[in-house]
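Chain by chain, the residues:
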Amino acid sequence: MKIFLDNYFKANTWIVFWVMIFIYFISITIELKYIFTDSFYFEVFDHKKSIFNIQDFIKKERTYDWLNYLAAFIVVLLPSLIVAFILNIGVIFYEYKVKFRYLFVIVLKSQIIFAINYIISTMLKWQGVIERNYGNINNNYDYQSLRCFFNNKELAFWLNFPLEKINITEFIYILFLSYGFALISNKNYMKCLGFVLIFYGLALIGWIIFTVFIQTLLYN
């Protein structure tokens, strides 16, 4: 495993980037062709037939399908930049001699965890292993998070997102990212794991609080 991880983080960054984009493209294609089908929309909006023409709605939705492929680039690059910036704050604080571009590279390569989760979740939804409805059709974390252990009807709405963010994919991502950081910083893995937990963890908590705050405003 160590040899595999070492070779992965040393691999050409562009190759890793395009592999991730390819995974997202495959996942999106499966979603558009086999999940977001006409029958799915008719099933979801059946009770609204008298309000609007479902067929026209589907046709309009299809015209924007190409934006999903464009979003794949944003999904890979934007989080990589943000997380690298946050870790860079920690690097400055601890006076580690790690350049930002190296941080960005290992964060970008660690995003493969989310890409793999995306295609796995898409396949599970396609095969009906994960129950899908209009409320969770775009959710790739709910089924593997703490939220699946609670009754959603009895759960306060503001707890949904925090419980959803405590999931298997986030856990693996933190372990993966910590290994990459250990390679570029030449520090002990456990020390790097603690570093990532502090700074990535604090950023994640901040994002959860912000999201819950926005949801609360919209809910009220």
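The structure we're discussing is the one just above.
Small disclaimer: the values here were computed from a predicted structure and weren't measured.

Visitor: Sorry, what's going on with helix 6 (residues 100-110) here?
Guide: In an α-helix, one turn spans 3.6 residues, which is why side chains three or four residues apart end up on the same side. Considered for burial, the residues of helix 6 that qualify are Leu103, Phe104, Ile106, Val107, Leu108, Lys109 and Ser110. On the buried face of helix 6, the contacting elements are helix 1 (2-10), helix 2 (13-35), helix 5 (66-94), helix 7 (112-126) and helix 9 (168-185).

Visitor: How should the packing of aromatic side chains be read in this particular structure?
Guide: How two aromatic rings sit relative to each other is given by the distance of their centres and the angle of their planes. In total, this model carries 27 aromatic pairs according to the counting rule given. Ring centres 5.2 Å apart and planes at 75° place the aromatic pair phenylalanine 17 and tryptophan 18 in the edge-to-face group. Centroid distance phenylalanine 40 to tyrosine 41: 5.7 Å. Interplanar angle 65°. Geometry classified as edge-to-face. Aromatic rings pair up to connect Trp14, Phe17, Trp18, Phe25, Tyr69 and Phe73 into one cluster. Of note, lysine 165 hangs over the ring of tyrosine 141, and the distance from its end group to the ring centre comes to 5.7 Å.

Visitor: Just to check I follow, could you spell out the packing of helix 2 against helix 5 for this structure?
Guide: Relative placement of two packed helices is described by the angle separating their axes and the distance separating the axes. Where helix 2 contacts helix 5, the two axes come as close as 9 Å, and the packing angle between them is 140°. Judged by the angle between their axes, helix 2 and helix 5 are oblique. The hand of the helix 2/helix 5 crossing is right-handed. Residue-level inspection shows Phe17, Trp18, Met20, Ile21, Tyr24, Phe25, Ile28, Thr29 and Leu32 of helix 2 in contact with helix 5, the latter providing Asn68, Tyr69, Ala72, Phe73, Val75, Val76 and Leu77. Its residues placed into classes, the contact of helix 2 with helix 5 shows 14 nonpolar, 2 polar and no charged.

Visitor: Is there a simple way to think about the side chain of asparagine 167 in this case?
Guide: With respect to the helices, strands and loops of the structure, asparagine 167 is situated in the loop between helix 8 (157-165) and helix 9. A distance of 3.1 Å separates a polar side-chain atom of asparagine 167 from the backbone nitrogen of threonine 169. Only 2.8 Å separates the side chain of asparagine 167 from the backbone nitrogen of glutamate 170, close enough to count as a polar contact. Not counting residues within four places of it along the chain, the set of residues in contact with asparagine 167 comprises Tyr141, Gln144 and Ser145.

Procedures and definitions
Residues numbered from 1 in each chain as written. Predicted model: local features only at pLDDT ≥ 70, side-chain atom pairs only at ≥ 80, totals over all residues. Heavy atoms only, no water. Buried < 20%, exposed > 50% of the residue type's maximum accessible area, 1.4 Å probe, protein only. Helix = DSSP H or I, 4+ residues; strand = E, 2+ residues; numbered from the N terminus. Contact = heavy atoms within 4.5 Å. Phe/Tyr/Trp six-rings, centres within 6.5 Å; stacked < 30°, edge-to-face > 60°. Lys NZ or Arg CZ within 6 Å of the ring centre and 35° of its normal. Axes fitted to C-alpha atoms, helices over the stretch in contact; angles between N-to-C directions. Parallel < 35°, antiparallel > 145°, perpendicular 65-115°, else oblique. Left-handed = near helix turned anticlockwise from the far one by under 90°. Nonpolar A, V, L, I, M, F, W, Y, C, P; charged D, E, K, R; others polar. Polar contact = N/O pair within 3.5 Å; in protein donor to acceptor, adjacent residues only side chain to side chain.

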